[in-house]
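Tertiary structure, described
Here is how the chains run, residue by residue.
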Amino acid sequence: MATVPAVALSGVKLGMPSQAYLEGKAVKDTRVLISDLCRQFYNLGWVSGTGGSITIKVHDDSIPKPHQLIVMSPSGVQKERMVPEDMYVLSPDGSILSQPSPKPYPHKPPKCSDCGPLFLKTYEMRNAGAVIHSHGVESCLVTMLHPLSKEFRITHMEMIKGIKGHGYYDELVVPIIENTAYEFELTESLAKAIEAYPKTTAVLVRNHGIYIWGDSWINAKTQAECYHYLFDAAIKLRQLGLDWSTPNHGPIWNVKGVLGSGASANMSVKAGRCIVLDIEGTTTPISFVSEVLFPYARDNVGKHLSATYETAETQDDINLLRSQVQEDLDQGIVGAVPIPSDGAGKEEVIAALVANVEAMIKADRKITALKQLQGHIWRTGFETNELEAVVFEDVPEALEKWHALGIKVYIYSSGSRLAQRLIFGNTSYGDLRKYLSGFFDTTVGNKREIRSYVEISESVGVDKPSEVLFVTDVYQEAEAAKAAGLEVIVSIRPGNGPLPENHGFKTVKSFSEI
């Protein structure tokens, strides 16, 4: 049997926990807690038919979370009849330290949860304190609403506030991975989803269920209840002919513009197609971005980092920048300078960060590390009324018209989703987010790559990419979207760069022409 890392257990430094610790109060309490929760989850329909599972780390203040022991429910048993002695105790690396004794017929031989590899992967990647795997029917049905979509999206619902890092106005995005015949085969796709969606605390498995994690068992349980509530709400809104993914949850329209129900609700996107809009040079003058937003971020980066240095959000920004800068240094990118370790002192770290950010802004880098930090700086500017977003005068009227026709409108920009929401939520025409169905940024891919537009067309739930109209001012983006099968219109606005001769795209000078 592999040993756990040498850690302090009840004041004794061991390579493996003592039998006394395994039989101690902390482990016993966690065993009891899991059996109690499984009875509750059974009554909610989350773990019926022996399905579903739960795992919780044994909390001990003297042990860092990555080294804490793991208690996990068994597989193939009636979850509502489990007792504390039925639980498995594992080391942080997944080695079994304690397992239940066999029970007489008709009980099966004991077996640790089939979800074990997925639980361990989640602990490793997110430093979670607990993970819940639910088979709740709501979590299955929402993956079927748009069979081709790789995401579930919902916004403007109060219970979104119960999901870590989200508020009422935010769009909650939950990745969906495809089911497999055996649970352990999901491990790789789960890991890819966790990596691709750094803000998520859950991953849906199509036609199967959901994995939800939290910093503690309370946090995981609270979020699980909120996710299931939101899934149930989305299903019921669809049954009522209402769109759960838009801010005002207005009616779903069919091809003729009449409220649909039943089978015709599947035509919601095809009704008036789906429109995806670029921002800079399309909805918003390039000058606003280059002469207002970028300088504001450049001039305030040091102030922002200094004021928020200890916050989890800024530490996440710094870690992302560290990774990007190291990659830039390895590739010999001009302007990249090493960032000292935290031990060098806050001021030295910030000075290096500022130098790198200034170089990135000057080079107009379209990278997530920069865009995420800029969004947080701009948020302060909008909150203090130092910034007010500018959009072309034809934009509000067009958004309102498309919305009234049942056309879903999305934004795809190299700026972060936060920055996008700030721009459309703080214009001189008021808050325009009520007309928008969602936001895409570089986490879906680079705007000049074909795959990015394939991902978007799959995410918005259309039957084929040609049902998506993409509007941009950048020729290379137009080419990538066209290659992915989208319909494309190029925006001609004051200050935009020239297009190649014989570019072959339709062009508009105003959204009123669309």
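Residues numbered from 1 in each chain as written. Predicted model: local features only at pLDDT ≥ 70, side-chain atom pairs only at ≥ 80, totals over all residues. Heavy atoms only, no water.

Quick word on the UniProt feature "binding site: substrate 2" (unreviewed entry) in the protein
Residues given the UniProt feature "binding site: substrate 2" (unreviewed entry) here are Ser413, Ser414 and Lys447. What stands out for the annotated residues spanning 35 residues is how close their C-alpha atoms remain, the widest pair being 7.7 Å apart. Serine 413 has contacts with Ile279, Gln420, Phe440, Asp441, Thr442 and Lys447, leaving out every residue within four places of it along the chain. A polar side-chain atom of serine 413 sits 3.0 Å from the main-chain amide nitrogen of glycine 415. As for its position among the elements, lysine 447 is in the loop between β14 (438-440) and α13 (450-459). Exposure remark for lysine 447: the relative accessible area of 7% places this residue in the buried category. Other than its neighbours up to four places away in sequence, lysine 447 contacts Asp278, Tyr412, Ser413, Ser414, Tyr453, Glu477 and Ala480. At 2.6 Å, the side chain of lysine 447 and the side chain of aspartate 278 are in polar contact. (UniProt positions renumbered as here; feature names shortened; annotations may be inferred. Contact = heavy atoms within 4.5 Å. Polar contact = N/O pair within 3.5 Å; in protein donor to acceptor, adjacent residues only side chain to side chain. Helix = DSSP H or I, 4+ residues; strand = E, 2+ residues; numbered from the N terminus. Buried < 20%, exposed > 50% of the residue type's maximum accessible area, 1.4 Å probe, protein only.)

Observations concerning the pattern of salt bridges
Taken as a whole and assessed by the stated rule, the structure comprises 27 salt bridges. Across the salt bridge formed by lysine 408 and aspartate 243, the nearest N and O atoms sit 3.5 Å from each other. In this pair, lysine 408 sits in strand β13 (residues 408-412) while aspartate 243 sits in the loop between α6 (217-239) and β12 (274-277), placing the two residues 165 residues apart along the sequence. The exposure classification of lysine 408 matches that of aspartate 243, with both residues buried. (Salt bridge = Lys/Arg side-chain N within 4 Å of Asp/Glu carboxyl O.)

Remarks on α6
Between the first and last C-alpha of α6 there are 33 Å, a value that for 23 residues agrees with the 33 Å anticipated at 1.5 Å per step. Just downstream of α6 lies glycine 241, where phi reads positive at about 80°. (Expected span 1.5 Å × (residues − 1).)

Some details on the sheet that holds strand β6 (residues 96-98)
Two pairing modes exist for strands in a sheet, parallel and antiparallel, and in both the strands are linked by backbone hydrogen bonds. The nine strands are arranged β6-β5-β4-β3-β7-β11-β10-β9-β8 in an open sheet whose pairing can be described as mixed. The strands lining the two open edges of the sheet, one partner per strand, are β6 and β8 (151-155). Taking each pair of neighbouring strands and ignoring which way they run, the sheet shows an average axis angle of 25°. Direction of pairing for strand β3 (residues 53-57) relative to strand β7 (residues 130-134): antiparallel, over a ladder of four bridges. (Pairing = 2+ DSSP bridges. Axes fitted to C-alpha atoms, helices over the stretch in contact; angles between N-to-C directions.)

Here's the deal with the sheet that holds strand β15 (residues 468-472)
The strand order across the open sheet formed by six strands is β14-β13-β12-β15-β16-β17, and the pairing between neighbours is parallel. Each edge of the open sheet is held by one strand with a lone partner, namely β14 and β17 (506-508). The sheet shows a mean angle of 30° between the axes of neighbouring strands, taken without regard to direction. Both β15 and strand β16 (residues 487-491) contribute to a ladder of four bridges, which runs parallel. Across the sheet, residue phenylalanine 470 finds its bridge partner in β16, namely valine 488. Set on the sheet, α13 makes contact with β12, β13, β14 and β15; between it and β13 the angle comes to about 150°.

Some words on the UniProt feature "domain: Class II aldolase/adducin N-terminal" (unreviewed entry) in the protein
Taken from the UniProt record, the annotation "domain: Class II aldolase/adducin N-terminal" (unreviewed entry) applies to residues 32-235. Secondary structure over residues 32-235 splits into 28% helix and 20% strand, and the C-alpha atoms at its two ends are 34 Å apart.

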